[in-house]
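The chain contents come next:
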Amino acid sequence: DIKAEAIFDDLDQFLRDIWLECCNHLSDIKINDKVITFPSESYQYQEFKLIDLLDVGSFFAYRYDFGSTTELEIDVLDIRKGAKRKDTIEILARNLLDLKCEECDKKASWITWDDDRFPYYFCDDCIEEYEGEYGCLPIVNSPRMGVCGYDGPADKYKDITSWNG
């Protein structure tokens, strides 16, 4: 849930902070024929309020990192009127992860991207025996999990339910 008066830069920073940021890659938002790139020297659209370019039923695409790209599709479901709040963005729900260790079937905590078995999950016990060619990263609730060294949100966002950019 995001305030209609929020600007696109708020949305980009929020997505980076809780879901995507690993190496300060570029990102962009594409709405119809407009493309907003972050960070950018040109603030042509970054300072636009969401309400200026979006309406109920609008769809737009968000991309982070143009090498090992993570792509998100965002739909505007509704405009909600409610009490004013201090936070710019609030998370209303999160996906639950139920990943099991490939070795022992316990709850997995680690992911690796070994050649022929990507993704491959390990629990805390079995990770100690892992001798693969590639490193392991923690399992986190993000579409960026296991990509380009992403190891989760900044510590201050680990248990985030709201954000005030």
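A.B. asks: Is there a simple way to explain the pattern of salt bridges in this structure?
C.D. replies: Any two side chains of opposite charge can pair if their charged atoms end up close together. Applying the stated criterion to the full structure yields 6 salt bridges. R16 is the partner of D12 in a salt bridge, and the nearest nitrogen-oxygen pair spans 3.0 Å. Separated by 4 residues within a single helix, D12 and R16 lie in helix α1 (residues 8-20), roughly one turn from each other. Here D12 matches R16 in class, with each residue buried. Put simply, K106 and D125 hold a salt bridge, and the shortest N to O gap is 2.6 Å. Here D125 lies in the loop between β7 (120-122) and β8 (136-138) and K106 lies in the loop between β5 (89-90) and β6 (110-112), a separation of 19 residues in the sequence. Given the relative accessible area of 47%, D125 is considered partly exposed. Bridged by salt links that share partners, the residues D12, R16 and E21 form one connected network.

A.B. asks: Please explain the sheet that holds β7 as it appears in this structure.
C.D. replies: Sheets are built from strands paired through backbone hydrogen bonds, the pairs being either parallel or antiparallel. Taken together, 3 strands build an open sheet; the order of strands is β7-β6-β8 and the sheet is antiparallel. Bordering the open sheet on either side are β7 and β8, each of which pairs with just one other strand. Adjacent strand axes in the sheet meet at a mean angle of 35° when their direction is disregarded. With 3 bridges connecting them, β6 and β7 associate as antiparallel partners. Counterpart to W110 in the pairing with β7 is F122.

A.B. asks: Teacher, can you tell me more about the confidence of the model for the protein chain here?
C.D. replies: Fine structural detail should not be taken from predicted coordinates in areas where pLDDT scores are low. Summarising the model, the protein chain shows a mean pLDDT of 81, and 84% of its residues fall at 70 or more. Here residues 160-165 is a poorly scored stretch, pLDDT under 50, and it has 21 contacts once near neighbours within four places are set aside; other chains count.

A.B. asks: Is there a simple way to explain unusual backbone geometry in this structure?
C.D. replies: With glycine set apart, most residues show a phi of negative sign, and most peptide bonds adopt trans. Unlike most non-glycine residues, N24 shows phi in positive territory, near 60°. Summarising the element assignment, N24 is placed in the loop between α1 and β1 (27-31).

A.B. asks: Can you walk me through the environment of V56 in this structure?
C.D. replies: Tracing the backbone shows V56 in the loop between α2 (50-53) and β3 (59-64). Aside from chain neighbours lying at most four places away, what touches V56 is V76, L77, D78 and I79.

A.B. asks: Explanation requested: a negative patch on the surface in the structure shown.
C.D. replies: A cluster of acidic residues, D124, E128, E129 and E131, forms a negative patch on the protein surface. Inspection of the secondary structure assignment puts E129 in the loop between β7 and β8.

A.B. asks: Just to check I follow, could you spell out the pairing of β3 for this structure?
C.D. replies: Side chains on a regular strand alternate between the two faces of the sheet. Residues of β3 alternate between two faces, with F60, Y62 and Y64 buried on one and F59, A61 and R63 left unburied on the opposite face. Note: β1 against β3, 4 bridges, orientation antiparallel. Directly across from K30, in β3, lies its bridge partner A61. Here 6 bridges tie β3 to strand β4 (residues 70-75), and the two strands are oriented antiparallel to one another. Looking at β4, one finds that R63 is bridged to E71. Linking β3 back to β4 in an antiparallel pair, the connection comprises 5 residues, with D65 at a positive phi of about 70°.

Each value, and the rule that gives it
Residues numbered from 1 in each chain as written. Predicted model: local features only at pLDDT ≥ 70, side-chain atom pairs only at ≥ 80, totals over all residues. Heavy atoms only, no water. Salt bridge = Lys/Arg side-chain N within 4 Å of Asp/Glu carboxyl O. Helix = DSSP H or I, 4+ residues; strand = E, 2+ residues; numbered from the N terminus. Buried < 20%, exposed > 50% of the residue type's maximum accessible area, 1.4 Å probe, protein only. Pairing = 2+ DSSP bridges. Axes fitted to C-alpha atoms, helices over the stretch in contact; angles between N-to-C directions. pLDDT = per-residue confidence, 0-100. Contact = heavy atoms within 4.5 Å. Patch = residues over 30% accessible without salt bridge, like charges linked within 9 Å, V, L, I, M, F, W, Y side chains within 5 Å. Areas by Shrake-Rupley, 256 points an atom, 1.4 Å probe, with all protein chains shown as cover. Lys, Arg positive; Asp, Glu negative; His and termini not counted. Charge placed at Lys NZ, Arg CZ, Asp CG, Glu CD.

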